[in-house]
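# Notes for the structure review
Spelled out from the first residue to the last, the chains are:
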Amino acid sequence: MSTTSVLTALPAHGVGSRGDLPLPFTALVVAAGAALLISFVAIAFLWREPRLRESDGVLLPGWLAAVLDSRWLRVVAQVLAVVLTLWTLLALVFGPDSARNPVPHVVYVWLWVGLAFASMVLGPVWRVINPLRLLHTGVLRLARVSPELALLPYRWGLWPAALGLGAFTWVELVAEENTSLGFLRVLIASFFAISLLGAAVFGRTWFDHADPFEAWSRLLGLLAPLGRRDDGRWVLRTPLHGVNTLRGQRGLVATVAVMLGSTAYDGFSANLGWATFVQSSPLPSSLLRTVTLIGFFALVALTLWLASAVSVRLAGQPLRQSVPFVSDMAPSLIPIAGGYVIAHYWSLWVYQGQEAWRLLSDPLGTGADWLGTADLVPAAALIEPTLVATIQAVSIVIGHLLGVLAAHERAITVLPHRAAVIGQVPLMVVMILYTLGGLTILFTP
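Summarised in this report is the structure supplied together with it. (Residues numbered from 1 in each chain as written. Predicted model: local features only at pLDDT ≥ 70, side-chain atom pairs only at ≥ 80, totals over all residues. Heavy atoms only, no water.)

## Focus on the overall build of the chain
Note the following rule: Helix and strand labels come from DSSP, where a helix needs a run of H or I of at least four residues and a strand needs a run of E of at least two; each type is numbered from the N terminus. To sort residues, take the accessible area from a 1.4 Å probe on protein chains only and compare it with the maximum for the residue type: under 20% means buried, over 50% means exposed, and anything in between is partly exposed. By the convention used here, residues are in contact when the closest approach between their heavy atoms is within 4.5 Å. Accessibility throughout is a Shrake-Rupley quantity obtained with a 1.4 Å probe, and a residue counts as covered only by protein chains that appear here.
For the chain, the count of helices and strands is 19 helices and three strands. Among the 445 residues that make up the chain, the fraction classed as buried is 50%. Contacts in the chain between residues at least 24 apart in sequence constitute 81% of all its contacts with a sequence separation of at least 6. As displayed, the chain offers around 20,100 Å² of accessible surface, 70% of which is attributable to carbon and sulfur atoms.

Following this line, the structure appears as structure tokens:
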């Protein structure tokens, strides 16, 4: 990612060449494609009826469920989130405009990457600790106004969230000087203003659907092993169960396309050939990168729709059914997006996440050590090249395998079994292409 060069010289992907791979590149690609193909053939014959039920899951012990439902746990988490927000704002307003300022780390590492990892482990945590949601709720309580207050009904689905995520990825991956204090002040102030204005007009529904970080956390949180079954009790479940609870809705395809396309572009932009082309082109580099980023978003959405269009025709249904069908199938891309997030951001998170603690100890850049972490030296054991390469390859392949299973479950739910098996072939082809493309992007220097 573009911010990485400012944060430190650590590559976002942690792998410098194909030689870092534990297996030869060609063998890895062939194995990944074969695994997806074999899994598709197997489930076509063995998985003939929908199997994922909302009543599934292993119940958590009563004491652990009580802790998770505890009001005090939520309060502690919310207080920590508010303290971190205020601490970051202190550095944003009064801190130095230099590499010693922790704000870029908080925004690009903790908020973006750390939130994704936390959500995939614990669920949609941002809904609980979102400081702007807490501010909105607190103001309404002080004013003795119903929390359901809204001036206008909200009807846009996830489209604002998709646009917000797209804008943030542009800031992260394309915008120049994106770690400068002036840029970050404008960025954060604009986000605060839009969020609070949206909540004032549409009520807390704005946070439920339009907030990009809540959408990011909620969709990736579907992969978490923690969840609630249909009676509200806490259970351990598979990522497939979480994804299967999501139904098609307005803007979902666009949101998933941004999630998947942004990580694909992140890897592509690190390619030496692309960097050379951008530098030698007479066109402005920011324009080339912006168009290419949008192209990646469009490519994901277009290939998913084309596959869905062919699928409904193979299933004997009219082409117009491709619109609801593509929305029904979009959740199956979430495991793939989660695998890409792990593959692309593992190195950045485990190393720069530690570096953030050191910088946060001196938010004003005065040489202070308020947290006692100013001398922290990030451990590098978790970014050893072979380990990182293994994590990247495994996360991408597992993400795609889960995507195949999720797509199959959804297809046999909305289509007759025979039509569902035939209709999945185009989607299977697209997923294999995503796998091969993802591995090639990651491991091509």
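## Let's talk about the pattern of salt bridges
To keep it simple, the criterion reads: Any carboxyl oxygen of Asp or Glu within 4 Å of a side-chain nitrogen of Lys or Arg constitutes a salt bridge here.
With the rule as written, the count across this model stands at eight salt bridges. A salt bridge links Asp-208 to Arg-127; the nearest nitrogen and oxygen atoms lie 2.5 Å apart. Of this pair, Asp-208 sits in helix H10 (residues 205-210) while Arg-127 sits in helix H6 (residues 126-129), and the two are 81 residues apart along the sequence. Take Arg-127: its relative accessible area is 45%, and that puts it in the partly exposed class. Between Arg-133 and Glu-214 there is a salt bridge, with its nearest N and O atoms 2.8 Å apart.

## Brief notes about the packing of aromatic side chains
The condition is simple: By convention, a stacked pair of Phe, Tyr or Trp rings (six-membered ring in the case of Trp) has centres within 6.5 Å and planes under 30 degrees apart, an edge-to-face pair has planes over 60 apart, and any other such pair is tilted.
Across all of its chains, the model carries 18 aromatic pairs by this definition. Both rings, one in Tyr-108 and one in Phe-168, keep their centres 6.0 Å apart while their planes meet at 40°; by these two values the pair is tilted. Here Tyr-108 is found in helix H5 (residues 103-122), whereas its partner Phe-168 is found in helix H8 (residues 159-173), with 60 residues between them in sequence. With respect to class, Tyr-108 is no different from Phe-168; both count as buried. Look at Tyr-154 and Phe-202: their rings are 5.6 Å apart centre to centre, the planes differ by 80°, and that puts the pair in the edge-to-face class. Remark: Phe-202 occurs in helix H9 (residues 181-202) and Tyr-154 occurs in the loop between helix H7 (131-142) and H8; sequence separation between them is 48 residues. Each member of the pair Tyr-154 and Phe-202 is classed as buried.

## A closer look at the environment of Thr-263
Along the polypeptide, Thr-263 turns up in helix H13 (residues 252-269). Here the alpha-carbon distance between Thr-263 and Tyr-345, two residues 82 residues apart in the chain, equals 8.9 Å. In contact with Thr-263, not counting residues within four places along its chain, are Tyr-340, Val-341, His-344 and Tyr-345.

## Things to note about the environment of Pro-378
Residue placement: Pro-378 occurs in the loop between helix H17 (334-360) and helix H18 (385-414). The spatial distance from the C-alpha of Pro-378 to the C-alpha of Ala-356 is 9.5 Å, given a sequence separation of 22 residues. Contact partners of Pro-378, with chain neighbours within four places excluded, come to Tyr-351, Gln-354 and Glu-355.

## Quick word on the side chain of Asn-178
Put simply, the test is: In protein, a polar contact requires one atom able to donate a hydrogen and another able to accept it; more generally it is a pair of N or O atoms within 3.5 Å, and residues adjacent in sequence count only if both atoms are side-chain atoms.
Tracing the sequence through the fold places Asn-178 in the loop between H8 and H9. Take Asn-178: its relative accessible area is 3%, and that puts it in the buried class. Among the polar contacts listed, one links the side chain of Asn-178 to the backbone oxygen of Val-171, at a separation of 2.9 Å.

## Here we look at the packing of H7 against H9
This is how the line gets drawn: A fitted line through C-alpha atoms serves as each axis, taken over the contacting stretch for helices, and the angle formed by two N-to-C directions is quoted from 0 to 180°. Note on terminology: angles under 35 degrees are roughly parallel, angles over 145 are roughly antiparallel, angles of 65 to 115 are roughly perpendicular, and the others are oblique. Should the near helix be turned counterclockwise from the far one by less than a right angle, the crossing is left-handed, whereas a clockwise turn marks it as right-handed. Note on residue categories: nonpolar means Ala, Val, Leu, Ile, Met, Phe, Trp, Tyr, Cys or Pro, charged means Asp, Glu, Lys or Arg, and polar means any other residue, Gly included.
Taken N-terminus to C-terminus, the directions of H7 and H9 make an angle of 45°; their axes are 10 Å apart at the nearest point. By the angle between their axes, H7 is oblique relative to H9. Like other packed secondary-structure pairs, H7 and H9 cross with a definite hand, here right-handed. For the pair H7 and H9, contact is made by Leu-132, Leu-135 and His-136 and by Phe-191, Phe-192, Ser-195, Leu-196 and Ala-199, respectively. Tallied by class, residues from the contact of H7 with H9 come to six nonpolar, two polar and no charged.

## Considering the nonpolar core
Soluble, globular proteins show a tendency: their nonpolar side chains are buried together. For clarity, the cut-off: As used here, the term nonpolar core means buried Ala, Val, Leu, Ile, Met, Phe, Trp, Tyr and Cys residues forming a set that is joined through side-chain atoms within 4.5 Å.
Of all hydrophobic cores here, the largest spans 94 residues; its most connected members are Trp-112, Trp-216, Leu-260, Leu-333 and Tyr-434. Tyr-434 has contacts with Leu-260, Val-300, Thr-303, Leu-304, Leu-333, Ile-336, Tyr-340 and His-400, leaving out every residue within four places of it along the chain. Ranked by size, the runner-up nonpolar core spans seven residues in total, among them Ala-199, Trp-206, Phe-207 and Ala-210.

## Some points on unusual backbone geometry
Phi is positive for Arg-144, which is not a glycine, with a value near 55°. Among the secondary structure elements, Arg-144 is positioned in the loop between H7 and H8. For Glu-177, which is not glycine, the phi torsion reads 55° and is therefore positive. In this fold, Glu-177 is placed in the loop between H8 and H9. For Glu-177, a relative accessible area of 61% gives the class exposed.

## Some words on a nonpolar patch on the surface
Our working definition: Excluding any residue in a salt bridge, patches collect residues exceeding 30% relative accessible area, merging like charges within 9 Å and nonpolar Val, Leu, Ile, Met, Phe, Trp and Tyr side chains within 5 Å.
Together, Leu-302, Trp-305, Leu-306, Leu-319 and Val-323 give the surface a local cluster of nonpolar side chains, amounting to about 450 Å² of exposed area. The dominant element in the nonpolar patch, judged by the number of residues it contributes, is helix H15 (residues 285-314), at three residues. Here Trp-305 shows up in helix H15. Trp-305 gets classed as partly exposed once you look at its relative accessible area, which sits at 33%.

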